[in-house]
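Residues per chain, in single letters:
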Protein chains: 2
Amino acid sequence: MKIAPLSGFPEWLPQERLIERRVLDTLSSTFELHGFSEIETRAVEPMSQLLRKGETSKEVYVLSRLQDHARQEPAELGLHFDLTVPLARYVLENAGKLTFPFRRYQIQKVWRGERPQDGRFREFYQADVDVIGDGELSFHHEIEVPLTMVDAFARLPLPQVIIRASNRKLAQGFYEAIGIADTEETLRIIDKLGKIGPDAVTELLGEQVGATPAQARLALQLAQIRTPDASFADAVRKLGVSGDLLDAGLEELTVLIEGANELLPGSLQADLSIARGLDYYTGSVYESTLVGHEDLGSICSGGRYDQLASSGKKKYPGVGLSIGVSRLLSRFIPTGKLVASRATPVAVYVAVNDETERMHAEGVAMALRRRGIPCEVSHNSVKFGKQIRNADRRGIPYVWFTTAEGEQVRDIRSGEQYDADPSSWMPPIEDLSVQILEPQEEAEANTGGENK
Amino acid sequence: MKIAPLSGFPEWLPQERLIERRVLDTLSSTFELHGFSEIETRAVEPMSQLLRKGETSKEVYVLSRLQDHARQEPAELGLHFDLTVPLARYVLENAGKLTFPFRRYQIQKVWRGERPQDGRFREFYQADVDVIGDGELSFHHEIEVPLTMVDAFARLPLPQVIIRASNRKLAQGFYEAIGIADTEETLRIIDKLGKIGPDAVTELLGEQVGATPAQARLALQLAQIRTPDASFADAVRKLGVSGDLLDAGLEELTVLIEGANELLPGSLQADLSIARGLDYYTGSVYESTLVGHEDLGSICSGGRYDQLASSGKKKYPGVGLSIGVSRLLSRFIPTGKLVASRATPVAVYVAVNDETERMHAEGVAMALRRRGIPCEVSHNSVKFGKQIRNADRRGIPYVWFTTAEGEQVRDIRSGEQYDADPSSWMPPIEDLSVQILEPQEEAEANTGGENK
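Since this is a predicted model, take the numbers as computed values, not measurements. (Residues numbered from 1 in each chain as written. Chains lettered and ligands numbered in written order. Predicted model: local features only at pLDDT ≥ 70, side-chain atom pairs only at ≥ 80, totals over all residues. Heavy atoms only, no water.)

Draft legend 1. Molecular detail of the sheet that holds strand 12 (residues 314-324) of chain A. Residues and elements named next belong to chain A. Pairing is mixed in the open sheet, where nine strands are placed in the order 1-5-6-12-11-10-7-9-8. Each edge of the open sheet is held by one strand with a lone partner, namely strand 1 (37-38) and strand 8 (226-227). The pairing of strand 7 (residues 161-167) with strand 9 (residues 268-271) spans three bridges and is parallel. Directly across from isoleucine 163, in strand 9, lies its bridge partner leucine 268. Sitting on the sheet, helix 11 (residues 325-332) is in contact with strand 6 (123-132), strand 10 (281-290) and strand 12, with an inclination near 10° to strand 12. (Pairing = 2+ DSSP bridges. Helix = DSSP H or I, 4+ residues; strand = E, 2+ residues; numbered from the N terminus. Contact = heavy atoms within 4.5 Å. Axes fitted to C-alpha atoms, helices over the stretch in contact; angles between N-to-C directions.)

Quick look at the structure:
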């Protein structure tokens, strides 16, 4: 049996999965606090859906059945490469049974057959939050959804996240007002600013959308505006450009930045370099920065779109953001920047004196579990010292002993051992479940752990 | 955009997903209480792994990349059809980094390209618990793992589950003692007893393993022994058969049934008809019955195996059980036998008087969320009566109002409305999160809901 990891398909060790799981659970519970309902969609969609936007760059994985020589399948199926195509299909399929605005979150793995490289995987978790309207959707959701994400990040043991926003109407209105016709291509070129720099952008704007040096300069000046408050609007007006669509965009972005920062100061900044190269978006667009990890790129992005899906005359506009969870965690888990306080959920290791007393130990464990204390009964009855080491090696804080003097529990970290009743003893709340620690705390926890 | 559900790929509405999620979370937390660590493995395995047992009956889905004309892939990949093949590979790949006995649980979707039919899906959740030893594994884990499953079921809002057990040594020893040579084929035939009946089994035993009528009768007599306690051993001995392997099996099954029922009375029965048609198992084998839903078949099965995987001279024995979660839920969710107390996580719907007061309403929601109360701000500012109906239609229990007299909350079910402070008010704990109700309770909840 030849065994080798598959490039692009990350897997965690149990103590690392604990961290991932905690992060996913925190996202879930925050989204629910904000009134979003979870859905899960099947992993597969018909290829016709997956390719309808010409998204072949996503390198879809196509399925075939091993035994299916006759190809009886009604439709060719592929693995979803994001959670937006499935959402669109799900909304159309279930429209009559959903409440609109439909507030949904979805945390699932997606697959892309891309060449694996740093932070790019072939299988990874995305966490999406969207509000979908039936025909129409009020602007205030464009404030609400990014703030939901800010709240989620605030509950994670990660550096601060700042969401940066621009507005598609603002950019498009500006380009039109200065006489650039192909605004979509201009957005795609501006989107590369961070990667290729202003000179290359100027050149591309000249070559691909026929922008004069003056037009290119203005487009670049717009993209360089970044303010923590609504003062971006004055900076734009100073460029001497005006138009109705531009004004509408300025107004929306002003309401967004002011509203978000009134509710959560410091949560959103205006950043007019954000273009989001998808023709899909029609209003607010969002990217994000993890402070101190700017090189990671945007780990939470999205925007407002007027047409997630359409069915006959009906349109479904929406606004949503998506977190690249696996990319985020691949920065923090393997480097030890996030660690679990112990390698197992177990809080209490129940020692076994002798195999004849195993049933008694199982009874103690049952009594502890009944009150929500995760525990494990020693798999053997070797010397107590060795059983303590078994527990300590995995960071389990307590060992339970049945002694000649009665039931006792030992805090491995302090070495303190005292009488305890399995039907009433509780560890301190912070020992009950695994804690996710940032490095400096980890150092302390380790010291504690060796103090026995 | 043509939209049609895909046969065999079930999806839930949000209010149904709430139930599935609760069931999955309950399984998770129970497995952790019993000291099992979660792992997740990638969805794909090399085809060589997936097919190594000749398991082509599982109808593996093979992946290919859409753009991959040149087939640069080092190995052909397929979607896993269970969680055991991935576990074997994971254990070998990470053996040096795991603690043995390795106690792992895994709850993931698996895929099988089988013809969809009632309760059989192409994509479905499995929940597996296994203990894997490094070289050796004590018998007591064969008691522990099924009891973990019994505890998990006891925490779910489902009918009672009874785990039935037999022992591979017992059956094999019995067949050998009565002179049947091909014990593996005999096990496969006996495994069909429930489906095809004793006459067809007798015939098959004659045809395929050359059993005489007397041998077939004894094999059937063995398979008809079923006792809630260890009295099965006497029943077997009354058949007048003996042998060392049979004795070893009788001893193990006795220890299992007695031990399990001492710890959790009524949890395990002996059922010697259980054969589990896989040559894989070497000790205890388990199936289960959901009382009142016997036709569903075994929704939790497994056993002891001596060789999950091997690497050079090293063997990894284990014992595990697997729950077919999707099949189980497909019986209870669509038929309304399990319902969520409301269609959304939202406990409090914050009304908006007027769009100018939206920010105030968002502030109220923030204060409530800070104390863990899921809430949603009304997406519009229509008349209060309509906002209340919006909330009530989804079963949200409370609506928050900012009135001329101050902040107030209304219990929609009773119609009672009273002053409340968003920074301190808490709903009763049972209203905080969604409850999963069985039908009779649901009826009461509905009555309550219409009482406004």
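Text resumes after the structure shown.
Draft legend 2. Highlighting the relation of the copies chain B and chain A. Mapping chain B onto chain A is achieved by rotating through 180° and translating by 0.0 Å along the same axis, at an RMSD of 0.1 Å. Seen this way, the second copy is the image of the first under a two-fold rotation axis. No C-alpha of chain B lies nearer the rotation axis than that of leucine 63 of chain B, which sits 2.4 Å from it. Taken together, the interface assignments show that 100% of the residues at the interface of chain B recur at the interface of chain A, consistent with an identical surface on both copies. (Least-squares fit on C-alpha atoms with pLDDT ≥ 70 in both.)

Draft legend 3. Representation of a positive patch on the surface within the structure. Residue and element names in this part refer to chain A. Side chains of Lys383, Lys386, Arg389 and Arg393 sit close together on the surface and give a patch of like positive charge. Position of arginine 389 among the secondary structure elements: in helix 13 (residues 384-393). Assessed through its relative accessible area of 45%, arginine 389 is described here as partly exposed. (Patch = residues over 30% accessible without salt bridge, like charges linked within 9 Å, V, L, I, M, F, W, Y side chains within 5 Å. Areas by Shrake-Rupley, 256 points an atom, 1.4 Å probe, with all protein chains shown as cover. Salt bridge = Lys/Arg side-chain N within 4 Å of Asp/Glu carboxyl O. Lys, Arg positive; Asp, Glu negative; His and termini not counted. Charge placed at Lys NZ, Arg CZ, Asp CG, Glu CD. Buried < 20%, exposed > 50% of the residue type's maximum accessible area, 1.4 Å probe, protein only.)

Draft legend 4. Local environment of the sheet that holds strand 11 (residues 300-311) of chain B. Residues and elements named next belong to chain B. Here we have nine strands laid out as an open sheet, ordered 1-5-6-12-11-10-7-9-8, and mixed in their pairing. Strand pairing shows two members of the sheet lacking a second neighbour, strand 1 (37-38) and strand 8 (226-227), which therefore form its edges. Two elements, strand 1 and strand 5 (residues 102-111), share two bridges in a ladder whose sense is parallel. Within strand 5, the residue paired with glutamate 38 across the bridge is tyrosine 105.

Draft legend 5. View of the environment of tyrosine 418 of chain A. Residue and element names in this part refer to chain A. You can see tyrosine 418 is positioned in strand 18 (residues 417-419). Relative accessible area serves as the criterion here: at 28%, tyrosine 418 is assigned to the partly exposed category. Between the C-alpha atoms of tyrosine 418 and glutamine 224, which are 194 residues apart in sequence, the distance is 65 Å. Setting aside residues no more than four positions away along its own chain, tyrosine 418 makes contact with Tyr398, Glu407, Gln408, Val409 and Trp425. Among the polar contacts made by the side chain of tyrosine 418, one reaches the side chain of tryptophan 425 at a distance of 3.3 Å. (Polar contact = N/O pair within 3.5 Å; in protein donor to acceptor, adjacent residues only side chain to side chain.)

Draft legend 6. Representation of unusual backbone geometry in the model. For the peptide bond that leads from phenylalanine 100 of chain A to proline 101 of chain A, omega is -5°, which places it in the cis range. Locating proline 101 of chain A in the fold gives a position in the loop between helix 3 (84-94) and strand 5 (102-111).

Draft legend 7. A look at the interface of chain B and chain A. The interface of chain B with chain A comprises 93 residues on the first partner and 93 residues on the second. Counting each side, the surface lost to burial between chain B and chain A is near 8,100 Å², with a carbon and sulfur contribution of 59%. Where chain B touches chain A, the interface holds 16 salt bridges. For the interface between chain B and chain A, the tally reads 34 residue pairs in polar contact (both at pLDDT 80 or more). If you tally residues by element for the side of chain B that touches chain A, the top one is helix 1 (residues 14-33) of chain B, at seven residues. Of the residues contributing to the side of chain B that touches chain A, the split by class is 43 nonpolar, 21 polar and 29 charged. Sheet topology places strand 3 (residues 61-65) of chain A next to strand 3 (residues 61-65) of chain B; five bridges connect them, and they run antiparallel. Along strand 3 of chain B, the bridge assignment pairs leucine 63 of chain A with leucine 63 of chain B. (Buried area = accessible area lost by both parts, 1.4 Å probe. Nonpolar A, V, L, I, M, F, W, Y, C, P; charged D, E, K, R; others polar.)

Draft legend 8. Examining helix 5 (residues 168-177) of chain A more closely. Residues and elements named next belong to chain A. All buried positions along helix 5 are accounted for by Arg168, Leu170, Ala171, Gly173, Phe174 and Tyr175. Close packing links the buried residues of helix 5 with strand 7, helix 6 (183-190), helix 8 (213-223), helix 9 (232-237), helix 10 (244-263) and strand 10. Positive phi appears at glycine 179, one or two residues downstream of helix 5, with a value of about 90°.

Draft legend 9. Fine view of the domain arrangement of chain A. For chain A, the assigned domains are domain 1 (9-64 + 73-160 + 291-340), domain 2 (168-276) and domain 3 (344-437). For domain 2 of chain A and domain 3 of chain A, the distance between their C-alpha centroids amounts to 61 Å. (Domains from an automatic or database assignment.)

Draft legend 10. Just empty space enclosed by the protein, in detail. Counted by the stated rule, this structure contains six cavities of 30 Å³ or more. The set of elements that each furnish at least two residues to the lining of the largest cavity consists of helix 1 (14-33), strand 5 and strand 6 of chain A together with helix 1, strand 5 and strand 6 (123-132) of chain B. Size it by volume and the second largest cavity reaches roughly 140 Å³. Every residue lining the second largest cavity is counted, 13 residues in all, and those nearest its centre are Pro10, Trp12, Glu20, Lys109 and Tyr125 of chain A. Sorting the residues of the lining of the second largest cavity by element identifies helix 1 and strand 6 of chain A as the ones contributing at least two each. Looking at which element gives the most residues to the lining of the second largest cavity, the answer is strand 6 of chain A, with three residues. Partitioned by chemical class, the residues of the lining of the second largest cavity number four nonpolar, two polar and seven charged. (1 Å grid on protein atoms, 1.4 Å probe; cavity = no way out; pocket = protein on both sides within 12 Å on 5 of 7 lines; lining within 4 Å. Points joined across faces, edges and corners; volume = space filled by probe spheres on them.)

Draft legend 11. Summary view of the packing of aromatic side chains. The tally for this structure, following the rule as stated, stands at 19 aromatic pairs over all chains. Consider the rings of tryptophan 400 of chain B and tryptophan 425 of chain B, whose centres lie 5.7 Å apart with planes at 70°: the pair is edge-to-face. Within this pair, whereas tryptophan 400 of chain B is found in strand 16 (residues 398-403), its partner tryptophan 425 of chain B is found in the loop between strand 18 (417-419) and helix 14 (429-432), the two being separated by 25 residues in sequence. Among the residues examined, tryptophan 400 of chain B registers a relative accessible area of 0% and is labelled buried. Among the aromatic side chains, those forming a connected cluster through ring pairs are Tyr280, Tyr281 and Tyr305 of chain A. The ring of phenylalanine 36 of chain B is capped by arginine 103 of chain B, whose NZ or CZ atom sits 4.5 Å from the centre of that ring. The ring of tyrosine 398 of chain B carries the charged tip of arginine 413 of chain B above its face, separated from the ring centre by 5.3 Å. (Phe/Tyr/Trp six-rings, centres within 6.5 Å; stacked < 30°, edge-to-face > 60°. Lys NZ or Arg CZ within 6 Å of the ring centre and 35° of its normal.)

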